[in-house]
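Coordinates in review
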Number of protein chains: 2
Amino acid sequence: MSLIKVPVLLFVLCFIASLFASHVEARIRHYKWEVKYEYKSPDCYKKLVIAINGRTPGPTILAEQGDTIVVELKNSLLTENVAIHWHGIRQIGTPWSDGTEGVSQCPILAGDTFTYKFVVDRPGTYLYHAHYGMQREAGLYGSIRVSVRKGVKEPFAYDEDRSIILNDWYHRSTYEQVARLSSRPFQWVGEPQSLLIQGRGSFNCSILSTPNLEAGACNMSNPECSPYVITVVPGKTYRLRISSLTSLSALNFEIEGHNMTVVEADGHNVEPFVIKNINIYSGETYSVIVKADQDPSRNYWAASNVVSRPLHPPTGLAIFNYYPNHPKKSPPTTPPTGPLWNDTGYRLAQSNAIKARQGYILPPPVTSDRVITLLNTQNEINGYRRWAVNNVSFTLPHTPYLVALKENLGHSFDQNHLQRIMMQQIMTSTSETHPWHLHGHDFWVLGYGIGKFDPINDPKKYNLVNPIMKNTVAVHPFGWTALRFVADNPGVWAFHCHIEAHFYMGMGVVFAEGVEKVGKLPSSIMGCGATKGH
Amino acid sequence: MSLIKVPVLLFVLCFIASLFASHVEARIRHYKWEVKYEYKSPDCYKKLVIAINGRTPGPTILAEQGDTIVVELKNSLLTENVAIHWHGIRQIGTPWSDGTEGVSQCPILAGDTFTYKFVVDRPGTYLYHAHYGMQREAGLYGSIRVSVRKGVKEPFAYDEDRSIILNDWYHRSTYEQVARLSSRPFQWVGEPQSLLIQGRGSFNCSILSTPNLEAGACNMSNPECSPYVITVVPGKTYRLRISSLTSLSALNFEIEGHNMTVVEADGHNVEPFVIKNINIYSGETYSVIVKADQDPSRNYWAASNVVSRPLHPPTGLAIFNYYPNHPKKSPPTTPPTGPLWNDTGYRLAQSNAIKARQGYILPPPVTSDRVITLLNTQNEINGYRRWAVNNVSFTLPHTPYLVALKENLGHSFDQNHLQRIMMQQIMTSTSETHPWHLHGHDFWVLGYGIGKFDPINDPKKYNLVNPIMKNTVAVHPFGWTALRFVADNPGVWAFHCHIEAHFYMGMGVVFAEGVEKVGKLPSSIMGCGATKGH
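Residues numbered from 1 in each chain as written. Chains lettered and ligands numbered in written order. Predicted model: local features only at pLDDT ≥ 70, side-chain atom pairs only at ≥ 80, totals over all residues. Heavy atoms only, no water.

By a widely used convention, the size of an interface equals the accessible area lost when the partners come together. Each partner contributes residues to the interface: chain B has 41 residues there, and chain A has 41 residues. Roughly 3400 Å² is buried in total at the junction of chain B and chain A, and carbon and sulfur atoms are behind 52% of that figure. The interface formed by chain B and chain A holds zero salt bridges in total. Where chain B packs against chain A, one counts 21 residue pairs in polar contact (both at pLDDT 80 or more). Among the elements of the structure, strand E2 (28-40) and helix H2 (174-181) of chain B are those that each provide at least two residues to the side of chain B that touches chain A. When its residues are assigned to classes, the side of chain B that touches chain A shows 18 nonpolar, 15 polar and eight charged. (Contact = heavy atoms within 4.5 Å. Buried area = accessible area lost by both parts, 1.4 Å probe. Salt bridge = Lys/Arg side-chain N within 4 Å of Asp/Glu carboxyl O. Polar contact = N/O pair within 3.5 Å; in protein donor to acceptor, adjacent residues only side chain to side chain. Helix = DSSP H or I, 4+ residues; strand = E, 2+ residues; numbered from the N terminus. Nonpolar A, V, L, I, M, F, W, Y, C, P; charged D, E, K, R; others polar.)

Next up, the structure:
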């Protein structure tokens with residue numbers, strides 16, 4: 001495993017002060033969730049999912065900037081533990097609420113109730129999902145939508161606000177996938193069976209033969225898998241919050257015949273630009289503005305297609321429904337099939353187009369104190385196939401890093417892999433796109449490139465003027481991505497490829513950041529490994 | 001849930017003293033086990049099983065009376081916890097090692113290593129298996145064979161000693177079964193797909209159609225599912241230890257053309273009797289003596305067949321191989337199909353035939369201090385189908401009873417269901433056979449009957465002369481069974497139907513027995529529910 005120690009360089013106290021000031025008007029939003037295995041048919045094929053209060057995706061968290069979110073999570077998985085990560089929420093002052101098993105907490109024991117409590121300190125589009133084993137793939141995920149404070153004006157206008165999560169979907173259980181990925185010789189889990197839009201997809205049941213299936217196990221007329229419908233009123237303008245939580249797939253999303261204006265990425269305002277379709281990688285969120293300005297006598301396809309991999313499931317479809325047409329009326333057209341899967345240049349150009357919006361630029365430090373180069377590799381370790389960073393394959397320790405480091409339980413993980421401080425990093429990909437996600441922080445995206453990174457000349461081309469800040473970024477095939485972040489949030493933070501199997505197979509590191517400045521850890525995050533009995 | 005408090009009536013200290021005396025010569029047998037999900041094909045159909053050191057059934061524990069068994073159990077299930085029960089081992093002085101999640105311990109957390117340590121104080125045939133959720137069905141089970149002390153002579157002779165476990169086998173995961181059993185409306189999990197003998201069965205793959213299956217997912221020539229072979233030398237005598245750990249099925253086992261002499265039941269010597277086939281219920285163990293006295297030029301079928309249920313999987317088959325015939329040579333005959341499934345009288349007669357052996361009779365107390373009548377019922381509770389005892393459906397508490405009672409964590413379970421002391425019980429079954437298993441004790445089997453129990457006349461017919469002692473006993477369809485036991489083992493002990501789904505659905509009670517006399521609890525059994533942080 002890789003652990004990188006980062007002293008807190010710029011711990012901006014005045015920011016914390018302003019955060020507390022904002023609490024005066026902020027509300028506490030209380031949720032009671034029960035997590036349980038249930039049979040669902042998201043893509044018409046019945047399988048066990050991990051549902052929250054009977055649903056996958058789970059309930060959407062709606063809040064206003066500065067609100068405190070309290071989620072009382074009851075684990076009813078019977079024999080299995082759980083943990084939920086609040087993706088994009090920086091957890092300033094509450095690193096123990098990050099929900100990352102092995103990093104910020106022990107798993108929530110089967111039968112236990114655990115309370116997450118944190119402040120959503122910025123407006124924007126965020127996510128939540130399981131962060132334990134490969135449970136995210138079992139359907140344990142949902143949206144967090146944080147609106148600006150009352151009276152604050154956003155730099156773009158819309159009539160309605162909608163959220164959709166894109167996903168891919170496997171029919172095998174996560175247990176089966178884990179058993180394959182960790183087998184020797186390696187067994188690939190294959191491409192997903194379908195693509196979901198807001199938890200709904202359409203698997204072609206006819207390719208399965210019936211004698212093997214019980215009645216109803218795959219049923220294309222099951223209402224659970226009827227396409228998701230986005231109903232719009234002609235002439236109105238919509239903010240569509242699009243995010244991806246795919247296990248594997250890089251996606252391209254398009255609303256047939258409609259332009260989209262990108263205005264937000266991972267909670268940051270984007271200098272608007274117009275596109276026909278948007279490339280989106282697992283862990284990313286975008287807001288786009290869409291006007292219902294096309295022929296209102298028909299419906300349109302909203303479509304997601306896999307890019308960056310040659311084989312993939314059929315197009316994921318939703319219906320962009322012009323009121324008062326029937327919401328289930330199929331559009332008269334062939335669904336969009338997306339750009340060429342291997343047109344890396346096209347996707348790189350879109351990555352480069354995403355800049356911070358004028359008036360909302362948070363300028364990055366012009367230099368970095370430390371540079372760390374992280375190289376993604378696939379390695380064979382003791383006959384097991386693993387992903388690695390600088391040839392070190394990450395495994396989650398049994399004692400969460402946060403507790404181990406804060407409480408000096410030194411022997412609970414391997415100290416040999418301590419690495420140096422960083423404020424910038426370069427990652428080289430092999431043949432596919434790896435979306436890297438940082439916990440506890442946003443980073444500036446200084447630049448992308450294809451080919452070997454040139455440490456002399458490439459940094460000269462960094463965008464230090466208006467780089468976007470994000471929490472998840474793509475490393476394009478055979479390419480590199482340069483990031484910078486300020487280590488100003490005491491805690492222990494995972495930084496990893498957001499492809500579920502890749503993180504499980506070791507593609508990640510952990511930043512230990514000014515752990516001595518972390519407040520008193522709640523005992524609720526303990527109870528495993530060396531913290532048993534704490 | 002039902003909790004029955006039992007003060008210790010006869011805590012025989014001299015017995016404990018003799019136990020320690022025996023330690024002088026006893027050995028410590030140390031096992032290191034890793035529990036992990038792996039793909040296996042026990043009946044030719046590939047599915048995930050929970051294996052111990054890569055095997056299901058797990059390694060056999062071989063020990064001598066008085067030995068101490070130490071099992072260091074590493075839980076590598078990734079996100080799932082585990083617990084293992086040592087079935088038939090009374091755990092005198094070590095109630096915390098009973099391995100019953102929710103009763104004697106918290107589950108062993110994913111990633112944790114837990115050490116079970118206990119004395120096997122009596123010779124005989126015992127079992128181990130998961131006792132958490134429905135993990136036993138996933139293949140986590142094995143044999144314990146305890147031989148008599150060196151120099152001690154058994155009252156029967158044999159040349160070789162062999163163990164086989166009978167089982168039934170489902171293709172669906174335990175997660176799927178649990179989801180069905182706990183769904184509203186109730187979804188029955190159906191009959192098992194096959195019967196296993198020592199972990200091997202033969203599912204007819206041809207009834208599955210291939211388009212739905214990946215290559216090799218069902219393969220009748222997979223060596224993992226070739227029939228188990230019991231090789232014998234003509235003229236020699238064999239002790240065959242037969243046990244059952246079926247999820248659902250009551251079985252009848254037969255070795256074609258060979259008589260069996262029953263000599264042991266659940267660790268107690270039986271007054272020998274000869275049978276053509278043996279009825280065996282989940283949780284029971286028997287030793288039979290078989291002589292290889294038939295035509296040695298051929299092999300014979302060893303067959304298990306379902307009784308007591310009308311629908312069932314095909315006969316489970318092993319090969320009783322006469323050396324030097326080829327062990328895979330199929331017998332020339334049609335396999336035995338067992339007795340009529342609904343011939344309750346036949347099975348009742350066999351139950352009645354099992355008596356303690358002359359010279360080894362431990363006489364029961366002639367009267368009981370308390371009588372408790374337990375009536376098995378199936379109830380509909382809030383729309384969920386549940387099994388119940390006296391209309392109370394058992395649910396395992398999140399804080400183990402042993403810890404809750406010993407440490408006075410009173411609020412961790414419902415005190416309203418405290419019941420009265422017992423030394424005898426009568427259970428009436430509905431339409432199928434329920435095998436009831438008692439932890440921490442053997443009981444005398446005083447009598448069986450069909451129809452409503454008559455509390456005046458039936459006790460007059462009790463066998464108080466030479467009743468067998470057992471830890472698992474059948475309650476026959478529409479029948480009753482009378483037991484008696486001495487509350488002489490401080491601890492908290494489950495008493496439940498050994499059908500995996502029935503216990504999960506509430507068919508059990510717990511005896512709290514002189515808990516104040518239990519020694520200091522090890523902290524390793526804590527960490528869940530109200531014991532979090534202990």
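This next bit is on the UniProt feature "domain: Plastocyanin-like" (unreviewed entry) in chain A. Summarizing the sequence annotation, UniProt attributes the feature "domain: Plastocyanin-like" (unreviewed entry) to residues 35-149, 161-324 and 414-514 of chain A in the numbering used throughout. As annotated, residues 35-149 of chain A comprises 0% helix and 43% strand, and the C-alpha atoms at either end are separated by 31 Å. (UniProt positions renumbered as here; feature names shortened; annotations may be inferred.)

A separate point is the pairing of strand E20 (residues 316-322) of chain A. Residue and element names in this part refer to chain A. Within E20, six of the seven residues are buried, leaving the element largely enclosed by the surrounding structure. Pairing of strand E12 (residues 229-232) with E20, which is carried by four bridges, proceeds in the parallel orientation. Bridging from a neighbouring strand, threonine 231 pairs with asparagine 321 of E20. With five bridges connecting them, strand E19 (residues 300-307) and E20 associate as antiparallel partners. The partner of serine 304 across the bridge, within E20, is glycine 316. (Buried < 20%, exposed > 50% of the residue type's maximum accessible area, 1.4 Å probe, protein only. Pairing = 2+ DSSP bridges.)

Before going further, it helps to examine helix H3 (residues 344-353) of chain B. Given 3.6 residues to a turn, an α-helix orients residues that are three or four positions apart in the same direction. All names here are of chain B. Those residues of H3 lying buried are Thr344, Arg347, Leu348, Gln350 and Ser351. Axial view of H3: buried residues confined to an arc of 160°, hence all on one face. Tucked into the core, H3 has its buried residues touching strand E16 (268-275), strand E17 (277-280), strand E19 (300-307) and strand E26 (443-450). (Arc of directions from axis to C-beta.)

This part covers the relation of the copies chain B and chain A. Of the transformation placing chain B onto chain A, the axial shift is 0.0 Å and the rotation is 180°, giving an RMSD of 0.0 Å. With respect to symmetry, the two chain copies, as superposed, fit the operation of a two-fold axis. The residues that chain B uses at the interface reappear at the interface of chain A in 100% of cases, marking a shared surface. (Least-squares fit on C-alpha atoms with pLDDT ≥ 70 in both.)

Residue and element names in this part refer to chain A. Enumeration over the complete set of coordinates arrives at 39 aromatic pairs over all chains. Here the aromatic rings of tryptophan 86 and tyrosine 128 are separated by 5.7 Å at their centres, their planes lie at 45°, and the arrangement is tilted. With tryptophan 86 in strand E6 (residues 84-87) and tyrosine 128 in strand E8 (residues 124-130), this pair connects stretches of sequence that are 42 residues apart. Residue tryptophan 86 shares its accessibility class with tyrosine 128, and that shared class is buried. Ring pairing ties together the aromatic residues Tyr31, Trp33, Trp86, Phe114, Tyr116, Phe118 and Tyr128, which thus form one cluster. Stacked on the ring of tyrosine 39, the Lys or Arg lysine 46 has its end atom at 4.9 Å from the ring centre. A cation over an aromatic ring shows up here: lysine 47 above the ring of tryptophan 169, its NZ or CZ 4.8 Å from the ring centre. (Phe/Tyr/Trp six-rings, centres within 6.5 Å; stacked < 30°, edge-to-face > 60°. Lys NZ or Arg CZ within 6 Å of the ring centre and 35° of its normal.)

Here we come to the state of the cysteines. Residue and element names in this part refer to chain A. Enumeration according to the criterion identifies six disulfides over all chains in this entry. Disulfide pairing is shown between cysteine 106 and cysteine 528; the S-S distance is 2.0 Å. An S-S torsion of about -85° defines the bridge between cysteine 106 and cysteine 528 as left-handed. You can see cysteine 106 sitting in the loop between E6 and strand E7 (113-119) and its partner cysteine 528 sitting in the segment after strand E31 (508-513), a full 422 residues away along the chain. By relative accessible area, which is 1% here, cysteine 528 ends up buried. With its bonded cysteines labelled in order along the sequence, chain A shows the pairing 1-5, 2-6, 3-4. (Disulfide = S-S within 2.5 Å.)

On to the nonpolar core. Ranked by internal contacts, the top residues of the largest apolar core, which has 108 residues, are Trp33(A), Trp86(A), Tyr116(A), Trp33(B), Trp86(B) and Tyr116(B). In contact with Tyr116(A), other than residues within four places in its own chain, are Ile69(A), Val70(A), Val71(A), Leu73(A), Ala83(A), Ile84(A), Trp86(A), Ser97(A), Gly99(A), Gln105(A) and Ile108(A). (Core = buried A, V, L, I, M, F, W, Y, C linked by side-chain atoms within 4.5 Å.)

Turning to H2(B), a few remarks are in order. For H2(B), a buried count of seven out of eight residues is recorded, marking the element as mostly surrounded by other parts of the structure. Buried within H2(B) we find Thr174(B), Tyr175(B), Gln177(B), Val178(B), Ala179(B), Arg180(B) and Leu181(B). Tucked inside the fold, the buried residues of H2(B) contact strand E2 (28-40), strand E3 (47-52) and helix H2 (174-181) of chain A together with E2, strand E22 (384-389) and helix H5 (500-504) of chain B.

Sheet strands pair by backbone hydrogen bonding; their relative direction is either parallel or antiparallel. All names here are of chain A. The sheet built from four strands is open, its strands ordered E4-E9-E8-E6 with mixed pairing. The two strands at the open ends of the sheet, each matched to only one other strand, are strand E4 (61-64) and E6. Ignoring strand direction, the axes of neighbouring strands in this sheet form an average angle of 20°. For E6 and E8, the ladder comprises four bridges, and the chain directions are antiparallel. Along E8, the bridge assignment pairs tryptophan 86 with tyrosine 128. (Axes fitted to C-alpha atoms, helices over the stretch in contact; angles between N-to-C directions.)

Turning next to the environment of Ala353(B). Position of Ala353(B) relative to the elements: it lies in helix H3. Between the alpha carbons of Ala353(B) and His534(B) there is a distance of 49 Å; along the sequence they are 181 residues apart.

Residues and elements named next belong to chain B. The five strands lie next to each other as E12-E20-E19-E14-E17, forming an open sheet whose pairing is mixed. At either margin of the open sheet sits one strand with a lone partner, and together these are strand E12 (229-232) and E17. Strand after strand, the sheet turns through a mean of 20° between neighbouring axes, direction not considered. In this sheet, E19 lies alongside strand E14 (residues 250-255) in antiparallel orientation, the contact comprising six bridges. When the bridges of E19 are listed, asparagine 252 appears paired with asparagine 305.

Let us now look at the environment of Gly133(B). Turning to its location among the elements, Gly133(B) is positioned in the loop between strand E8 (124-130) and strand E9 (141-147). Owing to a relative accessible area of 25%, Gly133(B) belongs among the partly exposed residues under this scheme.

A few words now on the pairing of E31(A). All names here are of chain A. When you tally the buried positions in E31, you get six out of six residues, the bulk of the element. The alternating pattern of E31 places Gly508, Val510 and Ala512 on one face and Val509, Phe511 and Glu513 on the opposite face, and all of these are buried. Where strand E30 (residues 491-497) and E31 come together, six bridges link them in antiparallel fashion. From the neighbouring strand, valine 492 faces E31, where its bridge partner is alanine 512.

Right, let's get into the side chain of Asn299(B). All names here are of chain B. Considering the arrangement of structural elements, one finds asparagine 299 in the loop between strand E18 (285-291) and E19. For asparagine 299, the side chain forms a polar contact with the main-chain nitrogen of tyrosine 322, separated by 3.1 Å. Those residues in contact with asparagine 299 that lie beyond four places of it in its chain are Ile319, Phe320, Asn321, Tyr322, Asn325, His326, Pro327, Lys329, Pro331 and Pro332.

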